[in-house]
Amino acid sequence: MRDFATCTGRFSAEVEHAWLVRTIEAERHSQMYDNMSALLDAVTSPDDEISARALLIEAKAAHSRLLLQAAFGWDAERRRIAEKRARFLLLSCTALILADAREDATKIWAAGTE
């Protein structure tokens, strides 16, 4: 439940950010948000609904800050790191649904540790 809540929050942040900066990614992120949200609903018991919502909101806020740093940060190196981290986190979430995204996420992570 924790992974689905966190990823649902991340995709929600991506949708809003895509609308903000007017990218074509908004529709794709919206579809992934819908898929992740459906999975979250399927695995969340009524007793865990408040915890799931809190995790979603926290992840959305954190990912939004990361996206803002990547797009509008003053320092070029911090922008690069934030963009790479946001992309890695999103690919990690996509890997929960799509198996071929796991390899992409692993490559991004490995390139960032060199």
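Fair warning: this is a prediction, and the values are worked out from it, not measured in the lab. (Residues numbered from 1 in each chain as written. Predicted model: local features only at pLDDT ≥ 70, side-chain atom pairs only at ≥ 80, totals over all residues. Heavy atoms only, no water.)

1. Observations concerning the nonpolar core
Put simply, the rule reads: The criterion is simple. A nonpolar core is a set of buried Ala, Val, Leu, Ile, Met, Phe, Trp, Tyr and Cys residues joined through side-chain atoms within 4.5 Å. Whether a residue is buried, partly exposed or exposed follows from its accessible area with a 1.4 Å probe, protein chains only, as a fraction of its type maximum: under 20%, in between, or over 50%, in that order. Numbering of helices and strands runs from the N terminus, with a helix taken as a DSSP run of H or I at least four residues long and a strand as a DSSP run of E at least two residues long. Whether two residues are in contact is decided by their heavy atoms: any pair within 4.5 Å suffices.
Grouped together as the largest cluster of nonpolar side chains are twelve residues: Phe4, Ala5, Cys7, Phe11, Met32, Met36, Leu40, Ala52, Leu55, Leu56, Leu90 and Cys93. For this core, the secondary-structure elements that each account for two or more residues are helix H1 (2–21), helix H2 (26–43), helix H3 (49–72) and helix H4 (76–94). Sequence-distant contacts of Leu55, that is, excluding residues within four places in its chain, are made with Met1, Arg2 and Ala5. The next biggest cluster of nonpolar side chains, apart from the first, holds seven residues, and it includes Ala13, Leu66, Ala82 and Phe88.

2. Examining a nonpolar patch on the surface
For clarity, the cut-off: Two distance rules govern patches: like charges are joined within 9 Å, and nonpolar side chains (Val, Leu, Ile, Met, Phe, Trp, Tyr) within 5 Å, applied only to residues with over 30% relative accessible area and no salt bridge. The accessible surface values rely on the Shrake-Rupley method and a 1.4 Å probe; as for residues, cover is taken only from the protein chains in view. Counted as salt bridges are all cases of a side-chain nitrogen of Lys or Arg within 4 Å of a carboxyl oxygen of Asp or Glu.
On the surface, Leu20, Val21, Leu68 and Phe72 cluster together into a nonpolar patch covering about 360 Å² of accessible area. Within the residue set of the nonpolar patch, elements represented by two or more residues are H1 and H3. Along the chain, the position of Phe72 falls in helix H3.

3. As for the pattern of salt bridges
If you walk through the whole model with that rule in mind, you get three salt bridges. Among the ionic pairs, Lys60 bridges to Glu16, the shortest N-O distance being 2.7 Å. Of this pair, Lys60 sits in helix H3 while Glu16 sits in helix H1, and the two are 44 residues apart along the sequence. In this structure Lys60 comes out as partly exposed when scored by relative accessible area, which is 22%. A residue is classified by how much of its surface remains accessible, and Glu16, at 40% relative accessible area, is partly exposed. For Arg80, the salt bridge is made with Glu77, and the minimal N-O distance between the two is 2.7 Å. Of the two residues, Arg80 and Glu77 are both situated in helix H4; the distance of three residues between them amounts to about one turn of the helix. Residue Arg80 is classed as partly exposed on the basis of its relative accessible area of 43%. A relative accessible area of 41% places Glu77 in the partly exposed class.

4. A short note on the state of the cysteines
The condition is simple: In plain terms, two cysteine sulfur atoms within 2.5 Å form what is called a disulfide here.
The tally for this structure, following the rule as stated, stands at one disulfide. Each sulfur of the disulfide joining Cys7 and Cys93 lies 2.1 Å from the other. Classification of the bridge connecting Cys7 and Cys93 rests on its S-S torsion, roughly -80°, and on that basis the disulfide is left-handed. Of this pair, Cys7 sits in helix H1 while Cys93 sits in helix H4, and the two are 86 residues apart along the sequence. By the burial criterion, Cys7 is buried, and Cys93 matches it.

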